[in-house]
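# Coordinate inspection notes
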Amino acid sequence: VPWMWVRLHTERGLVGTGETYTRDHAQEGALRDFANQLLGRDARRIERIWNDMYRRAAYNVTGGAEMRIISAVNIALHDLLGQALDVPVYQLLGGRVQDGIPVYQTARVRIKEEWTLEENLEEIVQFLYDRGIEGIKIWPFDEIAWKHGRAHITPTQIDKKLDWIR
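Heads up: these notes are all about the structure in this document. (Residues numbered from 1 in each chain as written. Predicted model: local features only at pLDDT ≥ 70, side-chain atom pairs only at ≥ 80, totals over all residues. Heavy atoms only, no water.)

What follows concerns the packing of helix α1 (residues 26-38) against helix α3 (residues 64-85). At their nearest, the axes of α1 and α3 sit 9 Å apart, and the two run at 55° to each other. On the basis of their axis angle, the class for α1 and α3 is oblique. The chirality of how α1 crosses α3 is right-handed. Along the contact surface, α1 presents Ala26, Gln27, Ala30, Leu31, Phe34 and Leu38, while α3 presents Ala65, Glu66, Arg68, Ile69, Ile70 and Val73. A per-class count over the contact of α1 with α3 returns nine nonpolar, one polar and two charged. (Axes fitted to C-alpha atoms, helices over the stretch in contact; angles between N-to-C directions. Helix = DSSP H or I, 4+ residues; strand = E, 2+ residues; numbered from the N terminus. Parallel < 35°, antiparallel > 145°, perpendicular 65-115°, else oblique. Left-handed = near helix turned anticlockwise from the far one by under 90°. Contact = heavy atoms within 4.5 Å. Nonpolar A, V, L, I, M, F, W, Y, C, P; charged D, E, K, R; others polar.)

Over the atoms rolls a probe the size of a water molecule, and its path tells where empty space is left. A volume near 600 Å³ is recorded for the largest pocket. Considering the residues around the largest pocket, the lining is formed by 22 residues, among which His9, Thr10, Arg41, Ala43 and Leu80 are closest to the centre. For the lining of the largest pocket, the elements supplying multiple residues, two or more each, are β1 (3-9), α1 and α3. By residue class, the composition of the lining of the largest pocket is 13 nonpolar, three polar and six charged. (1 Å grid on protein atoms, 1.4 Å probe; cavity = no way out; pocket = protein on both sides within 12 Å on 5 of 7 lines; lining within 4 Å. Points joined across faces, edges and corners; volume = space filled by probe spheres on them.)

Next up on the list: the side chain of threonine 20. Assignment of secondary structure puts threonine 20 in strand β2 (residues 15-21). Here threonine 20 falls in the buried class, since its relative accessible area comes to 6%. Other than its neighbours up to four places away in sequence, threonine 20 contacts Trp3, Met4, Arg68 and Ala72. (Buried < 20%, exposed > 50% of the residue type's maximum accessible area, 1.4 Å probe, protein only.)

Attention now goes to α1. Taking 1.5 Å of rise per residue, 13 residues should cover 18 Å, and α1 covers 18 Å from first to last C-alpha, within 8% of that figure. The largest bend in α1 is about 30°, located at arginine 32. By the burial criterion, the buried members of α1 are Gln27, Ala30, Phe34, Gln37 and Leu38. Phi turns positive one or two residues past the end of α1, at glycine 40, with a value near 80°. (Expected span 1.5 Å × (residues − 1). Bend = angle between axes of the 7 residues up to and from the residue.)

Mapped onto the elements of the fold, glutamine 105 is located in strand β3 (residues 104-106). According to the relative accessible area criterion, glutamine 105 is buried, its value standing at 10%. Contacts of glutamine 105, omitting those with residues within four sequence positions, involve Ile111, Leu128, Ile133, Gly135, Ile136 and Lys137.

To continue, consider α3. For α3, spanning 22 residues, the distance from its first C-alpha to its last is 32 Å, which sits close to the expected 32 Å at 1.5 Å a residue. Ala65, Arg68, Ile69, Ile70, Ala72, Val73, Ala76, Leu77, His78, Leu80, Leu81 and Gly82 are the residues of α3 that are buried. Aspartate 86 occupies a position one or two residues after α3 and carries a positive phi of about 60°.

A contiguous nonpolar patch, built from Trp3, Trp5 and Tyr21 and spanning about 370 Å² of accessible area, is present on the exposed surface. Summarising the element assignment, tryptophan 3 is placed in strand β1. Judged by its relative accessible area of 49%, tryptophan 3 falls in the partly exposed class. (Patch = residues over 30% accessible without salt bridge, like charges linked within 9 Å, V, L, I, M, F, W, Y side chains within 5 Å. Areas by Shrake-Rupley, 256 points an atom, 1.4 Å probe, with all protein chains shown as cover. Salt bridge = Lys/Arg side-chain N within 4 Å of Asp/Glu carboxyl O.)

Below, the discussion takes up the pattern of salt bridges. Within the structure shown, the criterion is met by five salt bridges. Residue aspartate 52 pairs with arginine 48 through a salt bridge whose shortest N-O separation is 3.1 Å. Of the two residues, aspartate 52 and arginine 48 both sit in helix α2 (residues 46-60), four residues apart, roughly one turn of that helix. Because the salt bridges share partners, they merge into one network encompassing Arg41, Arg48 and Asp52.

Structure representation (structure tokens):
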């Protein structure tokens, strides 16, 4: 998945970074459309900026490119505030909730180009385990679902796709 990074620059020289995934060029257009609501604004007014952007987008559509850009801008504004106050963003959002977060690998991200889950599961599991990663997210039914418009998978197809996992 390609990522889109939004960078907001302040007059003090701070740069806040926000991220979103991109599907097409719609996010770039949405960001240009929102530019007049961002330029010259007090970056500390995160909630006011979010509301202004949301209200503008909600008039047309709620979701899609507009919401992805609003989210990226919101992340960047929190990044700026954290830098200005010299505190981590999690502190701004109410503080630490837990001491750690388990890390997992997403199966769609190939470790080695030639490896597939069906053929190299043991090697993949060992590779991840050696690096302290004890979980993996898989989608064994995607290939079948894509062929059928994500509408239906038969019990036989489910059993067949689970063979390599068993």
